[in-house]
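Examination of the molecular architecture
Spelled out from the first residue to the last, the chains are:
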Amino acid sequence: MAYNLLQLLVPARFLLTFGHLVPTLMMILTRKENIMAALPADPSDGQIKRAKDEFEVAYTVILICFALDVLGIFMGTSLFFPKVNLLQAVCHFAGGCFISSMIAQSWQYQYVWCETHPKSKHFFSQDCPCLVQPPLCSL
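Residues numbered from 1 in each chain as written. Predicted model: local features only at pLDDT ≥ 70, side-chain atom pairs only at ≥ 80, totals over all residues. Heavy atoms only, no water.

Side note on the overall build of the protein
Heads up, the rule is: The helix count covers DSSP runs of H or I at least four residues long, the strand count covers runs of E at least two residues long, and both are numbered beginning at the N terminus. Think of it in three bands: with a 1.4 Å probe and only protein chains considered, a residue is buried below 20% of the maximum accessible area for its type, exposed above 50%, and partly exposed in between.
Within the protein, the secondary structure is distributed over 6 helices and 0 strands. Going from the N terminus to the C terminus, the protein shows its helices and strands as α-α-α-α-α-α. Across the 139 residues that make up the protein, the buried fraction comes to 34%.

Next up, the structure:
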């Protein structure tokens, strides 16, 4: 029996959601490198504490969003809307690639805000690492 694209969308969304969740959970293992990449060479204790607090807030927001998304999948509230499923699958694919690159290349922790919400306080400020110094591959 041939599957059409609509029948493959829900399993793809499920797999891509959890494929994005795995690197997000792994991000906690590299948080020290990501935090230190954003700080000056000799940071003060206050700067380190402020950076850790900001990272924890961003990480908590990400996990809450994942919980709501997974809850939506299992409750079936958005499973019957093909456009929503396609958007979710594309966004989770992009987010998984983004977080994987962040882990592999030890980007600054502020990039998490750019993934969490593009209208966050960092995204439109001059201090946003996404605008000031975009991440580059280390090739």
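From this point, the discussion proceeds with the structure in view.
Brief notes about the pattern of salt bridges
Rules: The term salt bridge refers to a side-chain nitrogen of Lys or Arg lying within 4 Å of a carboxyl oxygen of Asp or Glu.
Applying the stated criterion across every chain yields a total of 2 salt bridges. One salt bridge in this structure joins Asp 69 and Arg 13, with 3.0 Å as the shortest N-O distance. On the criterion of sequence distance, the pair formed by Asp 69 in helix 3 (residues 45-75) and Arg 13 in helix 1 (residues 5-26) is long-range, its members being 56 residues apart. For Arg 13, a relative accessible area of 1% gives the class buried. For Lys 49, the salt bridge identified is with Asp 53, shortest N-O distance 3.0 Å. With Lys 49 and Asp 53 both in helix 3 and 4 residues apart, the pair spans about one turn of that helix. Judged by its relative accessible area of 53%, Lys 49 is exposed. A relative accessible area of 33% means that Asp 53 is categorised as partly exposed.

Section: helix 4 (residues 82-105)
Cut-off, in case you're wondering: A helix is expected to span 1.5 Å for every residue after the first.
With 24 residues, helix 4 extends 34 Å from end C-alpha to end C-alpha; this agrees with the ideal 34 Å at 1.5 Å per step. Every buried residue of helix 4 is listed here: Asn 85, Ala 89, His 92, Gly 95, Gly 96, Ile 99, Met 102 and Ile 103. Residue Ser 106 follows helix 4 closely and has a positive phi angle near 55°.

Details of the side chain of His 92
As a reminder of what qualifies: The contact definition used throughout considers only heavy atoms, calling two residues in contact when any of these lie within 4.5 Å.
Here His 92 is to be found in helix 4. Exposure remark for His 92: the relative accessible area of 9% places this residue in the buried category. Contacts of His 92, omitting those with residues within four sequence positions, involve Leu 16, Thr 17, His 20, Phe 66 and Asp 69.

Overview of the packing of helix 1 against helix 3
Inclusion rule: A fitted line through C-alpha atoms serves as each axis, taken over the contacting stretch for helices, and the angle formed by two N-to-C directions is quoted from 0 to 180°. These descriptions rest on fixed angle ranges, namely under 35 degrees for roughly parallel, over 145 for roughly antiparallel, 65 to 115 for roughly perpendicular, and the rest for oblique. Take the far helix as the reference: if the near one is turned anticlockwise from it by less than a right angle, the crossing is left-handed, and if turned clockwise, right-handed. Polar here means any residue other than Ala, Val, Leu, Ile, Met, Phe, Trp, Tyr, Cys and Pro, which are nonpolar, and Asp, Glu, Lys and Arg, which are charged; Gly is therefore polar.
Orientation of helix 1 relative to helix 3, taken along the N-to-C sense of each, is 160°, at an axis distance of 11 Å. Comparing the axis directions of helix 1 and helix 3 gives the class roughly antiparallel. Relative to helix 3, helix 1 is oriented so that their crossing is left-handed. Across the interface between the two elements, Arg 13, Phe 14, Thr 17, Phe 18, His 20, Leu 21, Thr 24 and Leu 25 from helix 1 touch Tyr 59, Ile 62, Leu 63, Phe 66, Asp 69, Val 70, Ile 73 and Phe 74 from helix 3. Looking at the contact of helix 1 with helix 3, its residues break down into 11 nonpolar, 3 polar and 2 charged.

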